[in-house]
Amino acid sequence: MKSIYKYVAMLVVGLGLAACSAEDFQGATGNVPVVTDYEDNFVVTVDQATNNVTFEFVSVPGITPVWIIDGSTYSTEYSFTRFYRKAGTYTVECKARSREGVSDGAITKTFEIEETQMAGFGGFDAESDFNLFKGFEWPSTPSTTGVDYPAANPDFYYAPGWAEIDATCQVNNGTYTVTLPTATTDKWQAQMAIHTGLALNADTHYDFSVILTSTTDIPAATVKLCQSDDDNIILMNQEGTVSLQANEPLAVWGSDLPGVDISNLKLVFDFGGNPANTEIVIESIVLKDHANDDGTEIPDTPSQPSVPQPTWVAVDSEDNLWNGVDYTMSYYYASGDAWTAYPSNPTMTEEGSAYTFSLPEPTDLQWQAQCTFLTTNVSTAADQTYDFSLHMTSTTDLPSVTVKLCSNDGTEDDDNIIIFLQDKIALTAGLETHIWGAELPGQDIGKAKLVLDFGGNPANTEVTVEDIILQVHQ
């Protein structure tokens, strides 16, 4: 992981807004518009089903609207839409501008968001008194440049093509709005770190959650909690496993996390692989002692890993049950709603610990590009727990990859005797993604099979799968 070291000052940014400062709107002669003459031209419409708010100015010759969002973000667009996740009452300040300048006065439009929008689990209660971040005063970060950092400001390492540029961040009552103007292609090229000063201990188990909302798809984001000056002392690490869909809030969380001794907790986010002009809102950060019940009902099936990443054995270690694997390959390769089978299967080449699959033909649906390792010497037991890991890189964008480790013992129920299953994994072309699971309940399996499905692949796709590790939980 490249080090995170550079502080970037907070700049005023907005979602899909043409940003400018108040000084840009000085009058030329003082004969400026009277904003109340145009009060009815400023129209705010709320779609309560989606929480999208449309701001529209009914055009008048010679007049340009000035919208002031949240007291600091300016827009001169005639029409734009902004997403509001949380229920509540909001305001926008409106001014009128002509060639003579900007109106001295302003009118305020008030609008209501009736319900908080959240698909799925919404994380732990950020307003609970058990939340260690509630009302938290962020400490200053030790300076590496001779300049003292104001409280609450994060560090950034933002380096499209590994050439560092500035990101921008606005902080408001514990909510961070990050703007990434340029696309990145690789993991760790869009890092943000918050040094909290919080101390944790190994005798306590913890719950953590944070809500992320991105304006673009980011298929392999990272959320990590670790020691501020040692990235290997980890409370939770969801590296490359967080899939953000545009404008869909997602709670990234872990429950009953085994504690570690940490003197200064660091929250690390990485949005490597982001498209250009991405804005990410980071909010509702919660960390609490698991023993303290804040009333949150935890889902039966977590959508994100809820345990920290284990210590992985070496790929070539005898403790890696995949090391020295004996296998044959099986394929299912088809396309279309009729599931028409292709006459030729994908091909696979093996080099060291890497397997490269070539899929010359496109597929349309999940399970239409299955590549299966049928092993003869990989077995597991029901009285053990396991950790499983692999790294995957595709030459094309893949929307819905599946990885499944299950039984190959020859029974009708083999596909349901599962050690590890993760599906709907989105891969970005050229971006390595780490797929893993820890503390997986064992099954009595004499011979295991590993099913990889790339259904939905474009033509001429190559996928490299490497460093497969199956180990008894460390």
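Quick note: structure is the one above.
The structure presented is a predicted model; accordingly, all values stated were derived computationally and were not measured.

**Q** What is the right way to read the sheet that holds strand β27 (residues 418-427) from this model?
**A** Hydrogen bonds along the backbone pair up the strands of a sheet, which may run parallel or antiparallel. Spatially, β21-β20-β24-β29-β26-β27 is the arrangement adopted by the six strands of the open sheet, whose pairing is antiparallel. The open sheet has two edge strands with one neighbour each: β21 (340-341) and β27.

**Q** Just to check I follow, could you spell out the packing of aromatic side chains for this structure?
**A** Tallied over the entire structure, the rule returns 23 aromatic pairs. Between Phe57 and Tyr78, the aromatic rings sit 6.1 Å apart at their centres with planes inclined by 55°, giving tilted as the arrangement. Here the residue Phe57 occupies a position in strand β3 (residues 52-57), and Tyr78 occupies one in the loop between β5 (73-75) and β6 (79-83), the gap between them amounting to 21 residues. Assessed through its relative accessible area of 4%, Phe57 is described here as buried.

**Q** Help me understand the environment of His290 in this model?
**A** Along the polypeptide, His290 turns up in the loop between β19 (278-289) and β20 (327-335). Here His290 falls in the partly exposed class, since its relative accessible area comes to 29%. Apart from residues lying up to four places away in sequence, His290 is in contact with His205, Tyr206, Asp207, Ser255 and Asp256.

**Q** I'm lost on the pattern of salt bridges in this one. Help?
**A** If charged atoms from side chains of opposite charge come close, those side chains can pair. Following the criterion strictly, the structure yields four salt bridges and no others. Asp129 is the salt-bridge partner of Lys134, the closest N and O atoms lying 2.8 Å from each other. You can call Asp129 exposed: its relative accessible area is 68%. Between Asp207 and Lys288 there is a salt bridge, with the nearest N and O atoms lying 2.7 Å from each other.

**Q** How do you make sense of the sheet that holds strand β22 (residues 347-351) when you look at a structure like this?
**A** Spatially, five strands are ordered β22-β23-β30-β25-β28 in an open sheet, and the strand pairing comes out antiparallel. Every other strand in the sheet has two partners, leaving β22 and β28 (433-441) as the edge strands with one partner each. For this sheet the average axis-to-axis angle between neighbouring strands, irrespective of direction, equals 20°. Where strand β25 (residues 385-394) and strand β30 (residues 461-472) come together, eight bridges link them in antiparallel fashion. Bridging from a neighbouring strand, Tyr386 pairs with Val472 of β30.

**Q** Which parts of the structure should I look at to understand the pairing of strand β15 (residues 218-227)?
**A** Side-chain direction in a regular strand flips from residue to residue, so the side chains alternate between the two faces of the sheet. Most of β15 sits inside the fold, with 10 of its 10 residues counted as buried. Remark: two residues form the turn of the hairpin made by β15 and strand β16 (residues 230-244), two consecutive strands paired antiparallel. With six bridges connecting them, β15 and strand β18 (residues 265-270) associate as antiparallel partners. Across the sheet, residue Lys224 finds its bridge partner in β18, namely Val268.

**Q** Help me understand unusual backbone geometry in this model?
**A** Backbone phi values are negative for most residues with the exception of glycine, while trans is the configuration of most peptide bonds. Even without a glycine there, the phi angle at Ser284 is positive, about 55°. Mapped onto the secondary structure, Ser284 falls in strand β19. For Trp339, which is not glycine, the phi torsion reads 55° and is therefore positive. Mapped onto the secondary structure, Trp339 falls in the loop between β20 and β21. For Trp339, a relative accessible area of 34% gives the class partly exposed.

About the cut-offs
- Residues numbered from 1 in each chain as written.
- Predicted model: local features only at pLDDT ≥ 70, side-chain atom pairs only at ≥ 80, totals over all residues.
- Heavy atoms only, no water.
- Pairing = 2+ DSSP bridges.
- Helix = DSSP H or I, 4+ residues; strand = E, 2+ residues; numbered from the N terminus.
- Phe/Tyr/Trp six-rings, centres within 6.5 Å; stacked < 30°, edge-to-face > 60°.
- Buried < 20%, exposed > 50% of the residue type's maximum accessible area, 1.4 Å probe, protein only.
- Contact = heavy atoms within 4.5 Å.
- Salt bridge = Lys/Arg side-chain N within 4 Å of Asp/Glu carboxyl O.
- Axes fitted to C-alpha atoms, helices over the stretch in contact; angles between N-to-C directions.

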